[in-house]
Amino acid sequence: MCSSRRHFIATGVVGSLSLGLEAQEDKEQDSKRATTRTLAGKRPIIISANNGVNYLDEAFSFLKNGGDTLDAALRVVKGPEDDPKDDSVGLGGLPNEEGVVELDACCMHGPTRRAGSVGGVRNIKNVSQVAKAVMEHTGHVMLVGDGAERFAVAHGFARENLLTEHSRKVWLLWKEYHSTDDWWGPGVSDPHWKPPETAPQGELWQERLRKLQQIATDLGIAPENRAHAIRKVLFPPTGTIHSSALNEKGEISGCTTTSGLAFKLPGRVGDSPIIGAGCYTDQDVGSAGATGSGEENIKVAGAHTIVENMRRGMSPQEAGIDALKRIARNHNHDMNKLRFIDMTYYILRKDGAYAGVSLWEGYMPSPWEDPQPKRHKIAVHDGTKRAEETVPLFKGFSQEFPPFPKAPAEYVNQLK
Ligand code: ASP
């Protein structure tokens, strides 16, 4: 058992159960955290998932100079969509199980109370902007698949191959390695689902890692990229970006874009393009967006729930923690299930108050990459750019899903 896992058990399961699953609303929150702002915040302001932090400066000055709130949020998410190295969004996103990149996105424009969305789009990089085009140039809200792609091309978006060489090789490694550990079969929501065996299994691990090393070598994955590629296969990543923007006048908008779960079933659409789940903006109240377990978020209509909670008087933090508690309730507070689920909400109220909340404090990266836990963060720009740790419902760190036991350090060290 590696130390990260011990940490999880000590602080996650035991800590959370003993607290009766109450939110960890520490009154003396670490000042680094995005704590509840019951008082109004600053305007203008932009918030986003942390992978948007490098794009906030430019978007903020655009907003400050009178740019539209949705266009400001779209400027933030365009960065990761265009970046081939961000394998969770747009170009270079990890593909579905057939090796095809399928993207989802949605947006809401507060001032005109409009929405647009696209799901399962292939070959078009900036799907958040396609969602905006659906909003502006159709009488519909959502287009999917082939129709969405043809609509994008009609509006001048270029078709391009979104599968980078790196992502293609990671997918091939996954494809050749996996036979049964994929998304087929029932998931954690199934009443008969059993948590996987996570005890160290020495010989099995030796064999698994040897096989992965061999396939990676055969596929021509460069030695310096092999550990990274193997991690993506053992722990298929999630990733997404949400951004909400509020201007001085109090106009507010939001958008979310993603390549969804790596190696998902073709045609799978997550929460990101679902208005009310991956993003929801109401000009009278505020805006919220999500990254994390899409299937869980759809079932609690997370972003809509949060905005409605704020309408009824909850602070951004309280509103988000309530949505997270609904996810925990959907699994009867069973920590054996909840430890495989994670969810982060990015919340902005119309008065500039904001919060970042998450089911867990973060997640443990694979031991051969980085022994430090990765904490969930919200990126904020209100004149000062910063990244703040989210407020977690549970102490501790989630485990990736599909569940695959982490290799003990003695086997992992052989990969270095
Ligand atoms: N929510 C995204 C999805 O389910 C994935 C993620 O945010 O990591 O498609």
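Note on numbering: residues in each chain are counted from 1, in written sequence order. For a predicted model such as this one, the threshold for reporting local features is a pLDDT of at least 70, and the threshold for listing and counting side-chain atom pairs is 80 or more; totals across whole chains, interfaces and linings nevertheless cover every residue. Only hydrogens and water are set aside when side-chain values are computed; all heavy atoms of the structure are taken into account.

Caption draft 1: Focus on the packing of aromatic side chains. Pairing of aromatic side chains requires ring centres within 6.5 Å, counting the rings of Phe and Tyr and the six-membered ring of Trp. Pairs whose planes differ by under 30 degrees are stacked, by over 60 edge-to-face, and all others tilted. Counted according to the given criterion, the structure contains two aromatic pairs. Between Trp-174 and Phe-263, the ring centres sit 4.6 Å apart and the planes meet at 10 degrees, which makes this aromatic pair stacked. You can see Trp-174 sitting in helix H6 (residues 165–177) and its partner Phe-263 sitting in the loop between strand S6 (252–258) and strand S7 (279–282), a full 89 residues away along the chain. Across the pair, Phe-263 and Trp-174 agree in class, each one buried. Taking 4.9 Å as the distance between ring centres and 55 degrees as the angle between the ring planes, the aromatic pair formed by Trp-360 and Phe-394 counts as tilted. Note that Trp-360 is positioned in the loop between strand S10 (354–358) and strand S11 (362–363) and Phe-394 in the loop between strand S15 (391–392) and strand S16 (397–398), a separation of 34 residues in sequence. Numbering of helices and strands starts at the N terminus; helices are DSSP runs of H or I of at least 4 residues and strands are runs of E of at least 2. Relative accessibility under 20% of the residue-type maximum defines a buried residue, over 50% an exposed one, and the middle range a partly exposed one, all with a 1.4 Å probe and only protein chains included.

Caption draft 2: Structural detail: the site of the ligand. Every residue lining the ligand is accounted for by Thr-238, Gly-239, Thr-240, Gly-260, Leu-261, Arg-268, Asp-271, Ser-272, Thr-291, Gly-292 and Gly-294. N or O atoms within 3.5 Å of each other form a polar contact, as long as, within protein, one can give a hydrogen and the other can take it, and as long as residues adjacent in sequence are counted only when both atoms are side-chain atoms. One of the backbone N or O atoms of Gly-292 is found 2.7 Å from an oxygen atom in the ligand. In this structure, Gly-294 approaches the ligand through a main-chain N or O atom, which is 3.2 Å from an oxygen atom. Throughout, the term near means that a residue has one or more heavy atoms lying within 4 Å of the molecule or strand in question.

Caption draft 3: Seen up close, the pattern of salt bridges. Counted as salt bridges are all cases of a side-chain nitrogen of Lys or Arg within 4 Å of a carboxyl oxygen of Asp or Glu. All told, the structure shown has 24 salt bridges when counted by the stated rule. Its salt-bridge partner being Asp-82, residue Lys-125 comes within 3.5 Å of it at the nearest N-O pair. Pair noted here: Lys-125 is in the loop between strand S3 (114–121) and helix H4 (127–137) and Asp-82 is in helix H3 (residues 69–82), with a separation of 43 residues, a long-range link. Residue Lys-125 is classed as buried on the basis of its relative accessible area of 19%. Among the residues examined, Asp-82 registers a relative accessible area of 24% and is labelled partly exposed. Across the pair Asp-146 and Arg-150 runs a salt bridge whose closest N-O atoms are separated by 2.5 Å. You can see Asp-146 and its partner Arg-150 sitting in helix H5 (residues 145–154), four residues apart, about one turn around the helix. Taking relative accessible area as the criterion, Asp-146 reaches 49% and is therefore assigned partly exposed. Through salt bridges that share partners, Arg-113, Asp-282, Asp-284, Glu-308 and Arg-311 make up one connected network.

Caption draft 4: Quick peek at the packing of helix H10 (residues 302–311) against helix H11 (residues 316–330). Inter-axis angles, ranging from 0 to 180 degrees, are taken between N-to-C directions of lines fitted to C-alpha atoms, where helices are fitted over the stretch in contact. Taken N-terminus to C-terminus, the directions of H10 and H11 make an angle of 135 degrees; their axes are 8 Å apart at the nearest point. With respect to each other, H10 and H11 are oriented oblique. Of the two elements, H10 crosses H11, and the hand of that crossing is right-handed. On the side of H10, the interface is formed by Gly-302, Thr-305, Ile-306, Asn-309 and Met-310, while H11 contributes Pro-316, Ala-319, Gly-320, Asp-322, Ala-323 and Arg-326. Angles are sorted into four bins: roughly parallel if under 35 degrees, roughly antiparallel if over 145, roughly perpendicular if 65 to 115, and oblique for all others. Should the near helix be turned anticlockwise from the far one by less than a right angle, the crossing is termed left-handed; should it be turned clockwise, right-handed. Contacts between residues were defined by any pair of non-hydrogen atoms, one from each residue, lying within 4.5 Å.

Caption draft 5: Representation of the sheet that holds strand S9 (residues 343–349) within the structure. Any two strands with at least two DSSP bridges between them are considered paired. Reading across from one edge, S7-S8-S9-S10-S15 is the order of the five strands in this open sheet, with mixed pairing throughout. The outermost strands of the open sheet, each flanked by one partner alone, are S7 and S15. Note: S7 against strand S8 (residues 286–292), four bridges, orientation antiparallel. Across the sheet, the residue bridging to Asp-282 is Gly-286, located in S8. Running at roughly 150 degrees to S9, H11 makes contact with S9, S10 and S15 of the sheet.

Caption draft 6: Representation of the sheet that holds S16 in the model. The strand order across the open sheet formed by three strands is S12-S11-S16, and the pairing between neighbours is mixed. Only two strands of the sheet have a single partner each, and these edge strands are strand S12 (374–375) and S16. Sheet topology note: the S11/S12 ladder contains two bridges and is antiparallel. Among the inter-strand pairings, Tyr-363 is bridged to a residue of S12, identified as Lys-374.

Caption draft 7: Structural view of H11. Between the first and last residue of a helix there are one fewer steps than residues, each counted as 1.5 Å, and that sum is the expected span. Taking 1.5 Å of rise per residue, the 15 residues of H11 would be expected to cover 21 Å, and the 22 Å separating its terminal C-alpha atoms lies within 8% of that figure. Along H11, the residues classified as buried are Pro-316, Gln-317, Ala-319, Gly-320, Ile-321, Asp-322, Ala-323, Leu-324, Ile-327 and Ala-328. Among the structural elements, helix H9 (294–299), H10, helix H12 (335–338), S9, S10 and S15 are those in contact with the buried residues of H11. Positive backbone phi, at 50 degrees, marks Asn-332, one or two positions downstream of H11.

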